[in-house]
2 protein chains.
Amino acid sequence: MSIDKLYESVKDKGPVCVGLDPNLQHIPEIFDNYSSIEDKLFFYNKAIIDSTYDLTACYKPQLAYYEALGIDGLKALKRTNEYIRNKGGLIINDAKRGDISTTASAYARAFFEGDLEGDILTLSPYMGLDSIEPYLEYIDSKDKGVFVIIKTSNKGSADFEEIDVNGEPLYAIVGKKIVNMNGNSVGKHGYRKIGFVIGATNKKENEGEYIRNLFKDTFFLIPGYGAQGGAAKDVMGLLVDGNGGVVNSSRGIIRAFEKSEKDFDIATREAVIKMREDFYVGL
Amino acid sequence: MSIDKLYESVKDKGPVCVGLDPNLQHIPEIFDNYSSIEDKLFFYNKAIIDSTYDLTACYKPQLAYYEALGIDGLKALKRTNEYIRNKGGLIINDAKRGDISTTASAYARAFFEGDLEGDILTLSPYMGLDSIEPYLEYIDSKDKGVFVIIKTSNKGSADFEEIDVNGEPLYAIVGKKIVNMNGNSVGKHGYRKIGFVIGATNKKENEGEYIRNLFKDTFFLIPGYGAQGGAAKDVMGLLVDGNGGVVNSSRGIIRAFEKSEKDFDIATREAVIKMREDFYVGL
């Protein structure tokens, strides 16, 4: 299962996950000489990967940014994922898919094999447990993983995720039902097969500790650090001795060059180093 | 807004929505002479569209089946959507996307313009209202639409969608908050900009009437008819005089030929005619 591999990657390299969210308006000029969007995106991603690989637990392409560029964008994602895989890196395809039965199995084929293959896929739980079950056989047979969205860091997380249901927020109920699903067993490093997306927020005191305590043996993908307002102290409560989760930053890393006088690759690498120092225990 | 166009299409042609969910194992032999997956999928979809166009309110490609076939599959979707658009038909890209802010805007670009352009996109509401808001400006400026998943017909809909929150199912709360969003105004045929995905179920007596009464002026995309167990009487309560919604069938139409001795195009057309007779008032 990929959660075990991710745990080992965090142990070796720290918990930073670099978000690969290409936006044509924020790609540095040095990539202007590529004539196709596909090449431009791929070589931009390759430069980010090459300058951060030894300091990064995993890479997280956000599907929306590739789909927004159509077939060219998706071809660039294919090459990016192949490049990471060939280097031995781990890929979280951040697609937040949510559907059932044969449709869910089709999404598993889309993201666990073939052109867009990655190691882990993000999922949305709204339709129920049968929108998550079909992925379990792929986690076992192909050594893959999923992160299900449970509690995010956006303003709108209050609308539904935090609705009070008999004294508990909805996200606690969603998470506990998933923790207890058949087949969601614990791997060799003490974490379950199904991971959760838990945003780093600064809205409530000790919310990180509350959530970690609810889901003690679940591995977290933690977005929201940096550009979205989450600070190191909000993340620390969600981690366990610097592991048990990966912390994603996209703009904070891939657009660090815009605030730096250094070359793109150096500015990118330094942003990862700085972020890593924020919360990597045992550096 | 696309909901107005959909209302008019239902008025002209009846409420059948044909689901374009290609599965290579269930494509008839007559398409075996195409050497590429892209061609095979496109000409298969084209045959379905050509044999049903005058009887069909809209077409709904399910993204998972195209993504499962990688770049080839997505190229076939591009050609399929172009073909429907050039014929003047309406396209619901069933992608169930759910993300916020600039990511949501990227999804809007992906599905409301460019290679995969359709008229309407399905969305998942779990992350909150700010995962729906970014689409509103595209609905206005580009004459597009969205259907948000509210209540589905799968077994797992009981897990979260139907959780009791102070005497109401969660899906009623989610739906009412979306109905009341700023900008979700009523169009010229009496239906709001934001439509809902409401599955046809036979689990509870009069559930269709209950849901229609909750969301009187919302247009529905109704999956679950036929292969998923929903019957005509379960659909009728969700419609309003044969309009106010489109009823999707995928396997029941595109795999009708497997149970027929007639040619593929005739078997496909007859399946639409039969389904249409089930609930088209004023045929």
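For the structure itself, consult the block above.
Attention in this report is confined to the structure presented alongside it. This one's a predicted model, so the numbers in the text were calculated from it and none came from an experiment.

### So, the overall build of chain A
Along the backbone of chain A there are 11 helices and 10 strands. C-alpha extents for chain A along the principal axes are approximately 55 × 40 × 35 Å. Residues counted as buried form 65% of the 283 residues belonging to chain A. Taking contacts inside chain A between residues at least 6 apart in sequence as the whole, the part at least 24 apart equals 74%.

### Quick look at the environment of Glu-277 of chain B
Along the polypeptide, Glu-277 of chain B turns up in helix 11 (residues 264–279). When the C-alpha atoms of Glu-277 of chain B and Ala-232 of chain B are compared, they prove to be 9.7 Å apart, with 45 residues separating the residues in sequence.

### Description of the pattern of salt bridges
Summed over the entire model, instances satisfying the criterion amount to 49 salt bridges over all chains. The salt bridge involving Glu-82 of chain A is made with Lys-78 of chain A; its shortest N-O contact spans 3.1 Å. A residue pair is termed a helical-turn pair when its members lie 3 or 4 positions apart in one helix, as Glu-82 of chain A and Lys-78 of chain A do in helix 4 (residues 70–87) at 4 residues. Overall, the relative accessible area of 28% leaves Glu-82 of chain A in the partly exposed class. Lys-78 of chain A sits in the partly exposed class, given a relative accessible area of 23%. Linking Glu-258 of chain B and Arg-255 of chain B is a salt bridge whose minimum nitrogen-to-oxygen distance equals 3.1 Å. Three or more residues are tied together by salt bridges with common partners; here these are Lys-60, Asp-94 and Lys-96 of chain A together with Asp-99 of chain B.

### A few points about the sheet that holds strand 2 (residues 58–61) of chain A
Residue and element names in this part refer to chain A. Spatial strand order, 2-1-10-9-8-5-4-3: 8 strands in an open sheet with parallel pairing. Each edge of the open sheet carries a strand with a single partner, namely strand 2 and strand 3 (92–97). The sheet shows a mean angle of 30 degrees between the axes of neighbouring strands, taken without regard to direction. Bridge analysis of strand 3 against strand 4 (residues 120–123) gives 3 bridges, and the strand direction is parallel. Looking at the pairing, Arg-97 lines up with Leu-123 of strand 4. On top of the sheet, helix 6 (residues 133–142) reaches strand 3, strand 4, strand 5 (145–151) and strand 8 (194–198); it is set at about 140 degrees to strand 5, its chief contact.

Calculation notes
- Residues numbered from 1 in each chain as written.
- Chains lettered and ligands numbered in written order.
- Predicted model: local features only at pLDDT ≥ 70, side-chain atom pairs only at ≥ 80, totals over all residues.
- Heavy atoms only, no water.
- Helix = DSSP H or I, 4+ residues; strand = E, 2+ residues; numbered from the N terminus.
- Buried < 20%, exposed > 50% of the residue type's maximum accessible area, 1.4 Å probe, protein only.
- Contact = heavy atoms within 4.5 Å.
- Salt bridge = Lys/Arg side-chain N within 4 Å of Asp/Glu carboxyl O.
- Pairing = 2+ DSSP bridges.
- Axes fitted to C-alpha atoms, helices over the stretch in contact; angles between N-to-C directions.

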